[in-house]
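What follows is the residue order along each chain.
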Amino acid sequence: MRKALRLRRLSRPRDDRYLFVPLDHSVSDGPVVSRDRWRDLVDSVVMGGADAIIVHKGRVRTIDPDVLAGCALVVHLSAGTAHMADMNAKVLVGDVEEALRLGADAVSVHVNIGSDTEARQLADLGSVAAACDDWNVPLIAMAYPRGPRIVDPNDPALLAHVVNIAADLGADIVKTNLATPSERMAEVIATSPIPVLVAGGPATGGSLVDHARTAMAVGCAGLAVGRRVFTSPTPMSLVAELASIVHEESEADLVRAMTGAVASS
């Protein structure tokens, strides 16, 4: 399968806009939800309209394949925990062939520019990119300015450097921070040859819906939001609202989508 076909699957309406929901936090921070709530969470995210969910390889085995009929699967290949001496360090814990055997549509790799282990992380990104080219698999780079040498992780010039590192080393899509002030994110996007997604930001960072509207207004290709979705009391409705913003659906389309989702749940 050509990479272009898999890339198209990452955008449900095929409009080259993306809403990804990472649920890989159980490795870095601990359980996302209790075991008996996991399936309901995945169902809610998918029925709400996420274009893809992002999980680690072992977690794929806990997901009913039928649930992903209309939603892409991204296997995250990087790991690190909050208990490490260097919380900005990331190591590879999987590979592209393994992800394909699990049914992945794409893979993702985390890189912290400015960290003490930046060199290793850059090498890992490059090696995964080469494997992705061999297997025609899209690569999403989770690239952030993080580490002891980073003064302002939302600096537009720094973010422009970060997204171009991801593009130059072979990523097809890059996720990073939203610039401050937000309107200067347009400058970052103008430098990037690949689509730029933004993270959801901290839970104390104000309205996620407003954040999404701002990101799309300045030209981002979408969002990758995990924690603020799975900690929401109503993840399905939140994802549906974010999907509406990302894909510019009408209010009537959103109501129909939500009605159908509730009826099938």
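Higher on the page you've got the structure.
Nothing here was measured: the structure is a model prediction, and the numbers come from that model.

What counts, and at which threshold
- Residues numbered from 1 in each chain as written.
- Predicted model: local features only at pLDDT ≥ 70, side-chain atom pairs only at ≥ 80, totals over all residues.
- Heavy atoms only, no water.
- 1 Å grid on protein atoms, 1.4 Å probe; cavity = no way out; pocket = protein on both sides within 12 Å on 5 of 7 lines; lining within 4 Å.
- Points joined across faces, edges and corners; volume = space filled by probe spheres on them.
- Nonpolar A, V, L, I, M, F, W, Y, C, P; charged D, E, K, R; others polar.
- Pairing = 2+ DSSP bridges.
- Helix = DSSP H or I, 4+ residues; strand = E, 2+ residues; numbered from the N terminus.
- Axes fitted to C-alpha atoms, helices over the stretch in contact; angles between N-to-C directions.
- Contact = heavy atoms within 4.5 Å.
- Phe/Tyr/Trp six-rings, centres within 6.5 Å; stacked < 30°, edge-to-face > 60°.
- Buried < 20%, exposed > 50% of the residue type's maximum accessible area, 1.4 Å probe, protein only.
- Lys NZ or Arg CZ within 6 Å of the ring centre and 35° of its normal.

Novice: Requested: an account of empty space enclosed by the protein, with residues and values cited.
Specialist: Throughout the structure, instances matching the rule amount to one cavity of 30 Å³ or more. In this structure, the largest cavity encloses a volume near 50 Å³. Contributing to the lining of the largest cavity are W38, R39, V42, D43, T62, I63, D64 and V67. A class-by-class count of the residues in the lining of the largest cavity yields four nonpolar, one polar and three charged.

Novice: Run through the sheet that holds strand β9 (residues 196-199), naming residues and quoting values.
Specialist: The parallel closed barrel is built from eight strands, whose spatial order is β1-β2-β3-β6-β7-β8-β9-β10. Going across the sheet, the axis of each strand differs from the next one's by a mean of 25°, ignoring polarity. Strand direction decides the pairing type here: strand β6 (residues 106-113) and strand β7 (residues 139-145), joined by seven bridges, are parallel. If you follow S108 over to β7, its bridge partner there is I140. Against the sheet, helix α11 (residues 235-247) makes contact with β1 (18-22) and β10 (222-224), and its axis sits at roughly 150° relative to β1, the strand it touches most.

Novice: Describe in detail the packing of aromatic side chains, supporting the description with residues and values.
Specialist: Overall, the coordinates contain one aromatic pair when judged by the stated rule. Ring centres of Y18 and F20 lie 5.6 Å apart, and the angle between their planes is 55°; this geometry places the pair in the tilted category. On the basis of relative accessible area, Y18 is assigned to the buried category, the value being 4%. Of the residues examined, F20 reaches a relative accessible area of 0% and is grouped as buried. The ring centre of W38 lies 5.0 Å from the NZ or CZ of R59, which sits over that ring. Cation over ring: R146 sits above Y144, and NZ or CZ is 4.0 Å from the ring centre.

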